[in-house]
Amino acid sequence: MNGISATHISYYHLCHRKLWLFHRKIKMEHTSDTVYEGKLIGSQAYARRAGRWRELSLGPIKVDHFDPRQKLVREVKKSPKLEASHVAQVKYYLYYLEQAGVDNPRGLIEYPKHRKTTDVRLTGADRQEIRGWEAEIERIVQQPNCPELVRKSYCRQCAYRDFCFI
Ligand code: SF4
C-alpha cells in the first residue's frame, strides 16, 4: 500500500467502513456541510495568524499549519466531539515528522467555537500504538468487501450517510 495518510488514521478511529470506502476513492466529503464548515473555520482562523504557519507536504502527509521554529503542528476543528480521532490524526503527523528527522515536534488542536485547545505530545507507547494502527489499516483496506455497516451516533454527520442508509 502506498503510504497511509492522516485521513486514513482519522477514519480508522471513526469507522472501518468509512476507511475502506475512502481508500477505494469513493469520496463524498464535498457533499457534507459539516466538512465544509470545518474547513472554513480552519481557513478563517488561519487568515488571522497566517504569518507563523507554513503548509507542509511529506509523502502522503499534508499538514496545513506548521510552525517550523517551534516545530508545532496546528489543527483547527469545529467541535471536540470527535476529539479522540483528532488527537490520533495529530499524533500521526508528529510521528511522521519524527520519522523525517524533526526532533520533538508538538501538536495543538484548536476548537475556536468552543474556545478550547488541546496539546498533543508523542510518547513511546504512542509510537508503538501507531505501528499497530498502520498494520490494522493495511488489513482493513485490503479486504475485498466493504466492512459491514455498524450504526453509530457519528453516522448522522458522516459524508457517507446517504451511501450507507439510502
Ligand atoms: S454512515 Fe456510519 S457506517 Fe456508514 S461510513 Fe459513515 S460512519 Fe460508517
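One can find the structure itself at the top, above this paragraph.
Counting starts from 1 at the beginning of each chain's written sequence and moves along it residue by residue. Per-residue local features are limited, in this predicted model, to residues with pLDDT of at least 70; the limit for side-chain atom pairs, both in listing and counting, is 80 or more; totals at the level of whole chains, interfaces and linings are taken over all residues. Side-chain measures here rest on the full set of heavy atoms in the structure, leaving out hydrogens and waters.

## Some points on the site of the ligand
And step 1. Here a residue is near a molecule or strand as soon as one of its heavy atoms is found within 4 Å of it. Inspection of the region around the ligand gives Cys15, Arg17, Lys18, Val150, Lys152, Tyr154, Cys155, Cys158, Tyr160, Arg161, Cys164 and Phe165 as its neighbouring residues.
And step 2. Contributing elements (two or more residues each) for the shell around the ligand: helix 2 (16-23) and helix 6 (161-165).
And step 3. Comment: elements are numbered from the N terminus, with helices defined as DSSP H or I runs of at least four residues and strands as E runs of at least two. A per-element tally of the shell around the ligand places helix 6 first, with three residues.
And step 4. Throughout, the ten residues Ala, Val, Leu, Ile, Met, Phe, Trp, Tyr, Cys and Pro are labelled nonpolar, Asp, Glu, Lys and Arg are labelled charged, and all others, Gly among them, are labelled polar. For the shell around the ligand, the per-class residue count stands at eight nonpolar, no polar and four charged.

## Section: the pattern of salt bridges
And step 1. Note on definitions: salt bridges are taken to be side-chain nitrogens of Lys or Arg within 4 Å of carboxyl oxygens of Asp or Glu. The final tally for this structure, using the stated rule, is ten salt bridges.
And step 2. For lysine 62, the salt bridge is made with aspartate 64, and the minimal N-O distance between the two is 3.3 Å.
And step 3. Any residue under 20% of the maximum accessible area for its type is buried, any over 50% is exposed, and the rest in between are partly exposed; the area is computed with a 1.4 Å probe on protein chains only. Using a relative accessible area of 43% as the deciding quantity, one classes lysine 62 as partly exposed.
And step 4. Judged by its relative accessible area of 37%, aspartate 64 is partly exposed.
And step 5. The partner of lysine 91 in a salt bridge is aspartate 126, with the nearest N and O atoms 3.0 Å apart. With lysine 91 in helix 4 (residues 83-99) and aspartate 126 in helix 5 (residues 124-141), this pair connects stretches of sequence that are 35 residues apart.
And step 6. According to the relative accessible area criterion, aspartate 126 is buried, its value standing at 8%.
And step 7. A network of salt bridges, in which partner residues are shared, links Glu55, Lys62 and Asp64.

## Structural notes on the sheet that holds strand 1 (residues 54-58)
And step 1. DSSP bridges decide pairing: two strands pair if at least two such bridges lie between them. One open sheet accounts for five strands, arranged 1-2-3-4-5; its pairing is mixed. Each having just a single partner strand, strand 1 and strand 5 (116-120) make up the two edges of the open sheet. Averaged over neighbouring strand pairs, the angle between their axes works out to 35° when direction is ignored.
And step 2. Summarising the sheet, strand 1 and strand 2 (residues 61-67) pair through four bridges and their orientation is antiparallel. In the sheet register, arginine 54 faces strand 2, and the bridge partner there is phenylalanine 66.
And step 3. Only heavy atoms enter the contact rule, under which two residues are in contact if any of them lie within 4.5 Å. Helix axes are fitted only over the stretch in contact, all axes being lines through C-alpha atoms; the angle between N-to-C directions runs from 0 to 180 degrees. This element, helix 4, spans strand 1, strand 2, strand 3 (72-76), strand 4 (106-111) and strand 5 of the sheet and lies at about 150° to strand 4.

## Describing helix 4
Each turn of an α-helix holds 3.6 residues, which means side chains three or four residues apart point in the same direction.
And step 1. For helix 4, built from 17 residues, the straight-helix expectation of 24 Å at 1.5 Å per residue is met to within 8% by its first-to-last C-alpha distance of 24 Å.
And step 2. Taking burial as the measure, the 17 residues of helix 4 include twelve buried ones, the bulk of the element.
And step 3. Within the span of helix 4, buried status applies to Ser85, His86, Val87, Ala88, Gln89, Val90, Lys91, Tyr92, Tyr93, Leu94, Tyr95 and Leu97.
And step 4. Glycine 101, located one to two residues past helix 4, shows a positive phi value of around 100°. Helix span, expected: 1.5 Å multiplied by one less than the number of residues in the helix.

## Side note on the pairing of strand 5
And step 1. Sheet topology places strand 4 next to strand 5; five bridges connect them, and they run antiparallel. In the strand pairing of strand 5, tyrosine 111 is matched with lysine 116.
And step 2. Once strand 4 ends, the chain turns through four residues before running back antiparallel as strand 5, passing arginine 115 with a positive phi of about 50°.

## A word on helix 1 (residues 6-14)
And step 1. Most of helix 1 sits inside the fold, with seven of its nine residues counted as buried.
And step 2. Every buried residue of helix 1 is listed here: Ala6, His8, Ile9, Ser10, Tyr11, Tyr12 and Leu14.
And step 3. Residues of helix 1 that are buried in the fold lie against helix 2, strand 2, helix 4 and helix 5.

Purely geometric stuff here, so don't read any function into it on its own.
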